[in-house]
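Analysis of the macromolecular model
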Amino acid sequence: MNTAARTLSTTCLTRDGRPILIRSCRDFDELDACVRLQIDTWGYADGDVIPRRAFIVSKRIGGQVVGAFDVTRAQDSEGTAENLIGFAMALPGVKPGEEAGAAPFPYLHSHMLAVAEGYRNDGIGRQLKLFQRIEAIERGIEVMEWTFDPLEVKNSFLNIHKLGTIVRSYTSNFYGVSSSRLQGALPTDRLHAEWYLRSSRVEATLAGIPNQHSDIEETIMVPNQIAEWKSSESGIELARAVQTENRQRFEAAFHRGLAVVGFHRDTHGNGIFELAPFEHLRSSYL
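The sections below set out a description of the structure shown in this document. Here the structure is a predicted model, which is why all the values come from computation and not from measurement.

1. Details of the packing of aromatic side chains
Remark: the centre distance and the inter-plane angle together describe each pair of aromatic rings, the angle taken between the planes. Using the criterion set out here, one finds seven aromatic pairs in the structure. Between tyrosine 170 and phenylalanine 250, the aromatic rings sit 5.7 Å apart at their centres with planes inclined by 25 degrees, giving stacked as the arrangement. Of this pair, tyrosine 170 sits in strand β7 (residues 166-171) while phenylalanine 250 sits in helix α7 (residues 236-255), and the two are 80 residues apart along the sequence. The residues tyrosine 170 and phenylalanine 250 share a single accessibility class, namely buried. Ring geometry for phenylalanine 174 and tyrosine 175: centres 4.6 Å apart, planes at 85 degrees, overall edge-to-face. By relative accessible area, which is 36% here, tyrosine 175 ends up partly exposed.

As structure tokens, then:
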């Protein structure tokens, strides 16, 4: 891997052995390809689409626009807009220090990640996140955050179990009404993932070492049928009921000082969030 941020790149393999190149997007055509993939993934109407100019601004002001390219589909080993099959986009921000007298610090908000149909479940989303992490660290940024839908079991598993994020906050209807077909017309409730890029927890997680917590005080379950319920008229009210109950439980738990520190699937495929007191972890993160 090249250690110069502007030429940083890495390659991963799909399950059938195809090489996927991951690097920063470079030109208008590649950014346009990101916009198209965004629409293909979420089915957004015009009012929800992040336009190319926002991707341009993100790159200009210290954010990230990272592409994944299937280089078996082109003669160019560096990848082209025509073979972009995934992307991640982040915006820069500044957060106040949490401890008394602590100075504000820079962070990245990873706003959007998409992988094309036919390439999902190959670990490409995780590889895009890992690339974002390395690029951020090389610039001296040690924290990333993003939002995710607490009803999406696969995303929760990736964010918490595979990447080592923690969660301490929940926002009801964060984006307002969404035209995304994946939202199922439900409120856009979101958990806020916090990724402390050089923490011992993240280092261990990425090395495949399980994080064991003996102080789990609460668990919150998402039924494995939730995706089916969200996509059907007959099931949407069941999904809404789960969302409402879990919203109340997350908000109450965070108010008590708990944080999501683990996530697993049970033998029935249900997603299980595990929450423990954040004070027990504070020295490892802040």
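Still to come is the rest of the account.
2. Side note on the environment of valine 65
Of note, valine 65 is situated in strand β3 (residues 64-70). Taking the C-alpha atoms as reference, valine 65 lies 9.7 Å from glutamate 30; in sequence the two are 35 residues apart. Those residues in contact with valine 65, other than ones at most four positions away along the chain, are Ser24, Cys25, Leu31, Cys34, Phe55, Ser58, Lys59, Ala88 and Met89.

3. Some remarks on the side chain of glutamate 30
In this fold, glutamate 30 is placed in helix α1 (residues 28-42). Judged by relative accessible area, which is 3%, glutamate 30 ranks as buried. A distance of 2.8 Å separates a polar side-chain atom of glutamate 30 from the backbone nitrogen of arginine 26.

4. With respect to the state of the cysteines
Within this structure, the stated rule accounts for zero disulfides. The closest cysteine sulfur to the non-disulfide-bonded cysteine 12 is located on cysteine 25, 14 Å from its own sulfur. Residue classification places cysteine 12 among the buried positions, given a relative accessible area of 9%. Left unpaired, cysteine 34 is separated from the closest cysteine sulfur, that of cysteine 25, by 3.9 Å.

5. Considerations on helix α3 (residues 124-138)
In a regular helix each residue adds 1.5 Å, so 15 residues correspond to 21 Å; α3 covers 21 Å between its end C-alpha atoms and thus fits that length. Here α3 has its buried residues at Ile124, Gly125, Leu128, Lys129, Leu130, Phe131, Gln132, Arg133, Glu135 and Ala136. Of the residues flanking the end of α3, it is glycine 140, one or two places downstream, whose phi is positive at about 85 degrees.

6. Structural notes on the environment of glycine 164
Mapped onto the elements, glycine 164 comes out in the loop between α4 (153-162) and β7. Judged by relative accessible area, which is 0%, glycine 164 ranks as buried. Separated by 38 residues in sequence, glycine 164 and valine 202 have C-alpha atoms that sit 4.9 Å apart. Excluding its chain neighbours within four sequence positions, the residues that come into contact with glycine 164 are Asn159, Trp195, Arg201, Val202 and Thr205.

Here is what the cut-offs are and how they apply
Residues numbered from 1 in each chain as written. Predicted model: local features only at pLDDT ≥ 70, side-chain atom pairs only at ≥ 80, totals over all residues. Heavy atoms only, no water. Phe/Tyr/Trp six-rings, centres within 6.5 Å; stacked < 30°, edge-to-face > 60°. Helix = DSSP H or I, 4+ residues; strand = E, 2+ residues; numbered from the N terminus. Buried < 20%, exposed > 50% of the residue type's maximum accessible area, 1.4 Å probe, protein only. Contact = heavy atoms within 4.5 Å. Polar contact = N/O pair within 3.5 Å; in protein donor to acceptor, adjacent residues only side chain to side chain. Disulfide = S-S within 2.5 Å. Expected span 1.5 Å × (residues − 1).

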